[in-house]
Amino acid sequence: MDRVERLQDAKVLKNQPYDESLEVNDAEEVASVYSPAPQDHAQSESRQRSSRGRGLMSANSSSDELDEDSKRQERKEPMSIQGGASPNEEEEEEEEEEESDEEETEDDDDDEAAAPEGAYDPAHYANLPVSTEVKELFQYITRYTPQSVDLDHSLRPFIPDFIPAVGDIDAFLKVPRPDGQSDSLGLLVLDEPSVKQSDPTVLSLWLSEETKQHGAAELKKVTSVVSPQLNPRPVDSWVDSIGALHRSKPPASVQYGRAMPDIDSLMQEWPPEMEDLLGRVDLPSARLRCDLDQYCDLVCALLDIPVYGGRIQALHLLFSLYLEFRDFQHFIRT
Amino acid sequence: MILSRVKPAVGGETPASIGEKKKKNKTKVPRLEEYLQQRDYLGALTLLEFQRSIGEKEEHADLWIGYCAFHLGDYKRAIEEYKSLTMQPDCSAEVWVYLACAMFFLGLYKEAEEAASKAPVSPLQNRLLFHLAHKFNDEKRLMGFHQNLENVTEDQLSLASIHYMRSHYQEAIDIYKRLLLQNRDFLALKVYVALCYYKLDYYDVSQEVLAVYLQSIPDSTIALNLKACNHFRLYNGKAAEKELKNLIDISSCSFEFAKELIRHNLVVFRGGEGALQVLPPLIDVIPEARLNLVIYYLRQDDVQEAYNLIQDLVPSTPQEYILKGVVNAALGQEIGSRDHLKIAQQFFQLVGGSASECDTIPGRQCMASCFFLLRQFEDVLIYLNSVKGYFYNDDTFNFNYAQAKAALGSYKEAEEVFLLIQSEKIKNDYVYLSWLARCYIMNQKGQLAWELYLKMGTSSDSFSLLQLIANDCYKMGQFYYAAKAFDALEKLDPGSNYWEGKRGACVGIFQLILANKEPKETLKEVVPLLRNSGNPQVEYIIRVLRKWAKENRVLLS
């Protein structure tokens, strides 16, 4: 802290009220012209005490007055030390203290020269109706001049807010299209990739499917997801994409042994009489008292699906027809 | 329309939707152009690679791959592609400048310059060298390349971005506005203008301009990120985070562009949460990452770590100067280094006195900090008063403000402000305790100062506080607490002589009693206080006191 004040080395030393106040301290000796008065009364008693009490502190006990002076000198130093440092440090700090005192005086001039508001003023008590003995006692109050204790300052720096990043502006240091056409990137739209990017793995699977070029580029990259339980999105996304891929594939093509009607013709409406009848009569349900083979034949017949010998191919067409209807927009109601 | 999306987008452009397009175009495989139009560069790259693998090549397939990788932001990939192209004997010399561009964005400036020098002279090459000169801080060459710029859109935009990087935002805005007047459909320029306004702290204006772009392209990463940043400045981290979340939700999993930027900003918006995990790898990738990590360390009071991170940074933006100033001020005070404090003071002065920052809040804080370090508290107050309204409940502000007030003798206000402080750390700081004690005493509340002492453990600080209480109370005629403090000092420090002060304080109490300013009963406490000292004068004084007590029927023991 004290070192901070040294930053103002350039400052001119103007005033030294601290030193002045020291002089007031010393002026006590002048004051001591009348000070013996209370002491004289006390002398006989206090002498006895002093011989016991002070012997340890000071070898210099020739006279009270002298003794007091020397101790005042002693006291003056520790008083201005802050923090009760060890003696060796005391000396250093003492120096700094004094420097800072001198430098700070400029700011503190007003405070120190003019006593702060509400400071003790002996004049306020000068007219108390008291005995001379008490009045003499009162002189002890002004005899001590309180030290100016300098306090450290500490700047708490203003720590800025966190700074979000917005990036730089397009500097037009960009690769043009190889075909020489304008891409208006950075002009009509920002030159940034769209947030919707194809998944390379899904796309290559799809491409090889579409071009029937299996093997070439297939699954050259298999991504993995770290801790999927915390991060379910890529997994869901993968499942959805692969699902969509499979759906978009043509249904596994089956070569029928005999010509079959195509799905579109099977999806045509029934004749009006039939529709009319279906309004009143339910289709035969699976509870019909017949075996499964017969039931299959029945249903295929109703739906105009020919059954040649084995029923597998006919049933395949039947279920293909079912899937087609199921996904047919016209019937999807919400 | 983004918000109503129930399910997150599946793996980008789904095969199903591609399938639809395929039907329309009557071709089995989608064309490259469709991916490019969608700016689905990952899709385009996959397609190109697939074609390459089955031996079905587009014309200039390698260049297209480089183009796609570059615009995807995968500069490493682009460099690889262009490098292998340059090895081929029939390679066009233009490829060198493409390679240089990709290197530039990876921060490989030296390599970029070398590559660019092999390319034929072209506007793109000139622009690149212009920006390289800026990165190298080579003013002379910068001016040279500047002269070569022509009055065409690309060159002008490139110049504007230099203005932006040099914090000359108004100049940049002027260029953009001029170009926008000529080409109303250059919507991207709106975003550039919005970025400039953001940097100028006009967040609401930025938001307004940005909205125009977002209206036509609602899922733009750069624009949505800027919107989030505006929200951060205008409202708070929560509002900003919501915007970013939005962006994350609509982007596909394979979307890597600006991922680091988003991670970085999430830390910022969450007030530093996750800083130690996210930010260190982003240092030198995102310029703000280093600064934010420094801010994080400062907030954790890890000044040394903050200093280590920033000491080699050559500041160029006001934010960097401020942060360097703050770190030096904190460190200088912590280790008592005059050199650091001097640097801090200089940086603060530089920012606070600059034309661009002198009227901003951080600028004012800088000037106040500068004068605080110089101990010119009148000036400190001028600057702090000018921004006081923004910091009513800010402990840091109040701590500095109250110290300045107290240093100038405005103890009443200082006391009020000191008492507003909530932070336990500050409240246990000896600087706080000692100044508050002084304020109490100067405001005739010696008892409160004494209570501060009683709450402190025994330490060198509590010893200093006693000296403060003893002398300040004495000065202010609060002799009771002065006497108690001198008495305590005497016990703690028997080697020094506190008798004179204690004697005066005890007699002072007596005087106050006689003046009816102190209850007579207090005299009872004075006797033992005096007796604690082994001075020969004690008995004489006690005798006078007793005499008076007897005359006035006050019981002394």
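Residues numbered from 1 in each chain as written. Chains lettered and ligands numbered in written order. Predicted model: local features only at pLDDT ≥ 70, side-chain atom pairs only at ≥ 80, totals over all residues. Heavy atoms only, no water.

A. Structural detail: the overall build of chain A. Within chain A, the secondary structure is distributed over 13 helices and zero strands. Listing every helix and strand of chain A by position from the N terminus yields α-α-α-α-α-α-α-α-α-α-α-α-α. By residue count, 36% of the 334 residues in chain A fall in the buried class. Looking at chain A as shown, the accessible area adds up to about 19900 Å², and 52% of this sits on carbon and sulfur atoms. (Helix = DSSP H or I, 4+ residues; strand = E, 2+ residues; numbered from the N terminus. Buried < 20%, exposed > 50% of the residue type's maximum accessible area, 1.4 Å probe, protein only. Areas by Shrake-Rupley, 256 points an atom, 1.4 Å probe, with all protein chains shown as cover.)

B. Representation of the overall build of chain B. Per the secondary structure count, chain B includes 33 helices and zero strands. What you see for chain B is a C-alpha radius of gyration of 35 Å, clearly larger than the 24 Å of a compact globule of 557 residues, by over 25%. Considering only C-alpha atoms, chain B reaches an extent of 125 × 55 × 40 Å along its principal axes. Within chain B, buried positions represent 58% of all 557 residues. Once local pairs closer than 6 in sequence are excluded, the contacts in chain B between residues at least 24 apart make up 45%. A distance of 7 Å separates the average location of the 64 positive side-chain charges in chain B from that of its 68 negative side-chain charges. (Rg over C-alpha atoms; globule rule 2.2 N^0.38 Å. Contact = heavy atoms within 4.5 Å. Lys, Arg positive; Asp, Glu negative; His and termini not counted. Charge placed at Lys NZ, Arg CZ, Asp CG, Glu CD.)

C. Molecular detail of a nonpolar patch on the surface. Residues and elements named next belong to chain A. On the surface, a cluster of nonpolar side chains totalling about 290 Å² of accessible area is made up of V225, V235, W238 and V239. For V225, the location among the structural elements is in the loop between α8 (200-211) and α9 (232-248). Here V225 falls in the partly exposed class, since its relative accessible area comes to 33%. (Patch = residues over 30% accessible without salt bridge, like charges linked within 9 Å, V, L, I, M, F, W, Y side chains within 5 Å. Salt bridge = Lys/Arg side-chain N within 4 Å of Asp/Glu carboxyl O.)

D. The packing of aromatic side chains, seen in detail. What the rule picks out here adds up to 35 aromatic pairs over all chains. Ring geometry for F70 of chain B and F105 of chain B: centres 5.8 Å apart, planes at 75°, overall edge-to-face. Within this pair, whereas F70 of chain B is found in helix α4 (residues 61-72), its partner F105 of chain B is found in helix α6 (residues 95-105), the two being separated by 35 residues in sequence. A connected cluster of aromatic rings, assembled from ring pairs, spans Y120, Y125 and Y144 of chain A together with Y474, F479 and F486 of chain B. Lying over the aromatic face of F172 of chain A, K174 of chain A brings its terminal NZ or CZ to 4.4 Å of the ring centre. Across from the ring centre of F136 of chain B, 4.3 Å away, lies the NZ or CZ of K110 of chain B, which sits over that ring. (Phe/Tyr/Trp six-rings, centres within 6.5 Å; stacked < 30°, edge-to-face > 60°. Lys NZ or Arg CZ within 6 Å of the ring centre and 35° of its normal.)

E. Just unusual backbone geometry, in detail. All names here are of chain B. We note that R39 has phi near 50°; this positive angle belongs to a residue other than glycine. As for its placement among the helices and strands, R39 is situated in the loop between α2 (32-37) and α3 (41-53). Note on R39: relative accessible area 12%, which makes it buried. Notably, D201 is not glycine yet its phi reads approximately 70°, a positive angle. Within the secondary structure, D201 is located in the loop between α12 (188-199) and α13 (203-216).

F. View of the nonpolar core. Counting residues in each nonpolar core, the largest one holds 246 residues, and the members touching the most others are Y176 and F418 of chain B. Per element, the largest residue contribution to this core is 11 residues, and it comes from helix α27 (residues 430-442) of chain B. Once residues within four sequence positions are removed from consideration, F418 of chain B is found in contact with F399, A402, Q403, A406, Y432, W435, L436 and C439 of chain B. By size, the runner-up hydrophobic cluster in this structure holds nine residues, among which are M260, L317, L318 and L321 of chain A. (Core = buried A, V, L, I, M, F, W, Y, C linked by side-chain atoms within 4.5 Å.)

G. Quick look at the pattern of salt bridges. Scanning the model with the defined rule gives 32 salt bridges over all chains in all. Its salt-bridge partner being D191 of chain A, residue K174 of chain A comes within 3.1 Å of it at the nearest N-O pair. Here D191 of chain A lies in the loop between α7 (132-143) and α8 and K174 of chain A lies in the loop between α7 and α8, a separation of 17 residues in the sequence. Across this residue pair, the class does not change: K174 of chain A and D191 of chain A are buried. With its nearest N and O atoms 3.6 Å apart, the salt bridge here joins E243 of chain B to K227 of chain B. You can see E243 of chain B sitting in helix α15 (residues 237-250) and its partner K227 of chain B sitting in helix α14 (residues 221-234), a full 16 residues away along the chain. Overall, the relative accessible area of 11% leaves E243 of chain B in the buried class. Among the residues examined, K227 of chain B registers a relative accessible area of 24% and is labelled partly exposed.

H. The state of the cysteines, seen in detail. All names here are of chain B. What the rule picks out here adds up to zero disulfides over all chains. Cysteine C229 shares no disulfide, and the gap to the nearest cysteine sulfur, in C196, comes to 15 Å. No disulfide involves C370; its nearest neighbouring cysteine sulfur is the one of C366, lying 8.9 Å away. Owing to a relative accessible area of 0%, C370 belongs among the buried residues under this scheme. (Disulfide = S-S within 2.5 Å.)

I. Broad picture of the interface of chain A and chain B. Facing the 119 residues of chain A at the interface are 178 residues of chain B. For the pair chain A and chain B, the summed buried area comes to about 13900 Å², and 63% of that belongs to carbon and sulfur atoms. In terms of surface lost to chain B, no three residues of chain A exceed F158, F162 and L173 of chain A, which account for 7% of the buried area on that side. Summed over the shared surface of chain A and chain B, the result is three salt bridges. The partner of E133 of chain A in a salt bridge is K547 of chain B, and the shortest N-O contact between them spans 3.1 Å. On the surface where chain A and chain B come into contact, there are 39 residue pairs in polar contact (both at pLDDT 80 or more). Within the residue set of the side of chain A that touches chain B, elements represented by two or more residues are α1 (2-6), α4 (36-53), α5 (64-80), α6 (87-113), α7, α8 and α9 of chain A. Here the side of chain A that touches chain B is composed, by residue class, of 55 nonpolar, 25 polar and 39 charged. (Buried area = accessible area lost by both parts, 1.4 Å probe. Polar contact = N/O pair within 3.5 Å; in protein donor to acceptor, adjacent residues only side chain to side chain. Nonpolar A, V, L, I, M, F, W, Y, C, P; charged D, E, K, R; others polar.)

J. Structural view of helix α17 (residues 275-282) of chain B. Residues and elements named next belong to chain B. Turning to α17, its buried residues are A275, V278, L279 and L282. Down the axis of α17, the buried set is contained in an arc of 90°. They therefore lie on one face. Exposed residues lying more than 90 degrees from the buried face of α17 are Q277 and P281. Against the buried residues of α17 lie α16 (259-269) and α18 (287-299). Following α17 by one or two positions, D284 adopts a phi angle in the positive range, close to 75°. (Arc of directions from axis to C-beta.)

K. A look at the environment of I217 of chain B. Along the chain, I217 of chain B falls in the loop between α13 and α14. Through-space distance from the C-alpha of I217 of chain B to that of H340 of chain B is 49 Å; in sequence the pair is 123 residues apart. Excluding residues that lie within four positions of it along the chain, I217 of chain B makes contacts with V189 of chain A together with R39 of chain B.

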